[in-house]
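Summary of structural features
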Amino acid sequence: MIATAPPRVAPITVRGVGKVYPARRGSFVALHDVSFSVAPGEFCAIIGPSGCGKTTLLHILAGLFPASTGTVEIPPQEPGRLVTALIFQGISTLPWLTVLQNTEYGLRHMRVSPAERRTRAVEQLRRVGLDRFVDAFPHQLSEGMRQRVSIARALATDPDVLLMDEPFANLDEQNRLLLQDELLRLWQENRQTVLFVTHSLDEAIRLSDRVLVMTSAPGRIKAEVPVRLARPREFRSVRQDPEYGALSAKLWEALRDEVLRARQT
Amino acid sequence: MNGPSYRWLAVISPLGLLLVWEILSRTGVADPRFFPPPSTIIRTLADMVRSGELPFHIGVSLRRILIGFVLGSVPAVLLGLAMGLARPLRALLMPIVAAIYPIPKIAIYPLIIFYLGIGEASKVTIVALSIFFLVLLNTMAGVLGLDRAYFNIARAYGAGARSIFTTVAMPGAMPQIFTGLKLAMGFALIVIVGAELLGSDAGIGFLIWRSYQIFAIEAMYVGLLVTAMLGWLATIALDWLERLAMPWRPTN
């Protein structure tokens with residue numbers, strides 16, 4: 001591994017986390033006894049069948065709602081920084097705010113002065129190549145550009161941990177590949193801890209150091225597959241590496257039964 | 001190539017109607033005492049503008065509408081946003097709102113006069129009251145219809161209750177708020193003319209009623225025409241305000 005920046009000391013430890021939703025008849029168990037940890041500066045992917053509680057897990061880590069059982073350990077909050085920054089799938093920006101206002105959105109709740117907010121937001125927009133679009137509204141951008149705005153918004157809060165919820169799911173294949181490159185480049189520069197939820201085997205292998213496979217609902221961690229491909233991960237070298245095929249087969253093996261089971265419910 | 005333009009049909013229908021009216025009235029097929037020819041009405045309108053009578057009555061009604069509109073819609077938007085955001089508040093107030101909303105507000109005008117007298121206060125109040133629930137319900141529906149994703153974005157990036165109110169609920173519900181305001185403008189016109197018919201010594205409604213009583217039918221028609229024009233102009237003004245308030249909306 002080539003580390004271009006020292007990793008942030010930001011491990012995540014999840015112990016026995018469960019989430020139960022009240023349902024019309026009784027209750028629905030979304031997560032059951034999920035335990036794992038992510039090392040500081042590690043890029044960790046989570047794959048699982050749809051409806052397995054991946055999003056629920058990320059929302060718990062982002063503090064949107066508490067877990068029903070178990071504990072989550074994340075580093076303490078420091079002033080001027082966010083511990084976890086969540087990047088959403090689908091609707092990722094507020095349509096009534098400009099690109100700049102969207103990027104500043106986290107900072108405005110962090111007691112950062114307006115001048116510093118602007119500097120930090122513009123800097124991140126430059127990193128994702130959108131500094132020419134500061135005054136545009138989201139509807140004037142493509143889906144991929146909107147997703148880059150939401151990445152800039154996350155990075156502007158200088159987070160210890162990036163939580164990404166299928167951020168590229170709504171993009172076409174070619175744009176997805178470009179954004180993956182961009183994400184890897186950004187990550188290589190800062191080395192945040194990343195937890196990246198995806199349903200794409202290829203995306204998990206291409207991006208991460210380690211893949212966690214979840215079961216169908218109620219979601220648990222079923223398997224853990226390390227990805228030891230060299231970085232930086234250029235598209236061609238990754239696809240031509242014999243290890244890629246082996247990893248792909250291994251992950252699908254772990255996932256296949258779960259996808260079949262999810263289809264039956 | 002573009003298809004034929006049908007825009008001229010939109011001009012033809014009102015002009016045609018006026019022309020038929022003019023002919024029927026002049027030939028005596030329609031009684032000119034009740035249906036004076038449009039040309040006469042227009043002449044009366046010009047006279048009333050020149051004498052200052054019409055501008056005076058329009059000014060009186062317009063002032064009542066504007067003050068009542070602001071007094072009714074501002075609290076309605078604020079409470080509507082709060083009710084859209086807070087479930088307990090909704091549960092608490094919804095039964096009252098649902099019960100009062102369908103009461104024709106003009107029906108409680110006697111009560112309002114009883115408490116506030118026949119002056120400006122009662123006119124402004126009836127306008128405010130008649131639009132309040134309409135704007136409130138539209139605003140609340142606007143918040144309730146917002147995608148949860150917006151609230152998740154806000155909360156994930158540290159927004160508290162106040163920030164969610166101003167950065168998510170208010171701008172997000174803005175399209176629906178304007179739907180409410182446009183409906184409300186129509187209601188405000190209806191109710192102010194009604195209230196002025198019932199008890200007033202100035203305003204467009206008063207003009208219509210007095211003209212009827214002294215059998216100045218042309219002047220009565222002028223009042224009706226002015227009411228229609230005001231409604232049309234108000235719609236244009238609100239459309240303009242809507243574009244100004246929501247620069248973020250895609251234009252087609």
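What you see is a predicted model; the values in this text were computed from it and never measured. (Residues numbered from 1 in each chain as written. Chains lettered and ligands numbered in written order. Predicted model: local features only at pLDDT ≥ 70, side-chain atom pairs only at ≥ 80, totals over all residues. Heavy atoms only, no water.)

A tally of regular secondary structure across chain A gives eight helices and nine strands. For a compact globule of 265 residues, the expected C-alpha radius of gyration is about 18 Å, and chain A comes in at 18 Å, within 12% of that figure. Each principal axis of the C-alpha atoms in chain A carries an extent, and together these give about 50 × 50 × 35 Å. Put simply, chain A has 265 residues, and 55% of those count as buried. (Helix = DSSP H or I, 4+ residues; strand = E, 2+ residues; numbered from the N terminus. Rg over C-alpha atoms; globule rule 2.2 N^0.38 Å. Buried < 20%, exposed > 50% of the residue type's maximum accessible area, 1.4 Å probe, protein only.)

Residues and elements named next belong to chain A. A sheet is described by the order of its strands in space; here six strands give the open sequence β5-β6-β7-β3-β8-β9, paired in mixed fashion. Each end of this open sheet is capped by a strand with a single partner; those strands are β5 (84–87) and β9 (221–226). With strand direction ignored, the average angle separating the axes of adjacent strands in the sheet is 15°. Here β5 runs beside strand β6 (residues 161–165); their pairing, made up of four bridges, is parallel. Counted as the bridge partner of T84 is V161 from β6. Where helix α4 (residues 143–156) meets the sheet, its contacts fall on β5 and β6, and the angle it forms with β5 comes to roughly 175°. (Pairing = 2+ DSSP bridges. Axes fitted to C-alpha atoms, helices over the stretch in contact; angles between N-to-C directions. Contact = heavy atoms within 4.5 Å.)

Next up on the list: the interface of chain B and chain A. Listed per partner, the contact involves 21 residues of chain B and 24 residues of chain A. Overall, the association of chain B and chain A removes approximately 1,900 Å² of surface from exposure, summing both partners, and the carbon and sulfur fraction of that is 70%. Looking only at chain B, the three residues that lose the most surface to chain A are I153, Y157 and W248 of chain B, adding up to 42% of its buried area. For the interface between chain B and chain A, the tally reads seven residue pairs in polar contact (both at pLDDT 80 or more). Counting only elements with at least two residues in the side of chain B that touches chain A, the list comes to α7 (148–156) and α8 (161–198) of chain B. Among the elements that make up the side of chain B that touches chain A, the one with the highest residue count is α7 of chain B (seven residues). For the side of chain B that touches chain A, the class distribution of residues is 13 nonpolar, five polar and three charged. (Buried area = accessible area lost by both parts, 1.4 Å probe. Polar contact = N/O pair within 3.5 Å; in protein donor to acceptor, adjacent residues only side chain to side chain. Nonpolar A, V, L, I, M, F, W, Y, C, P; charged D, E, K, R; others polar.)

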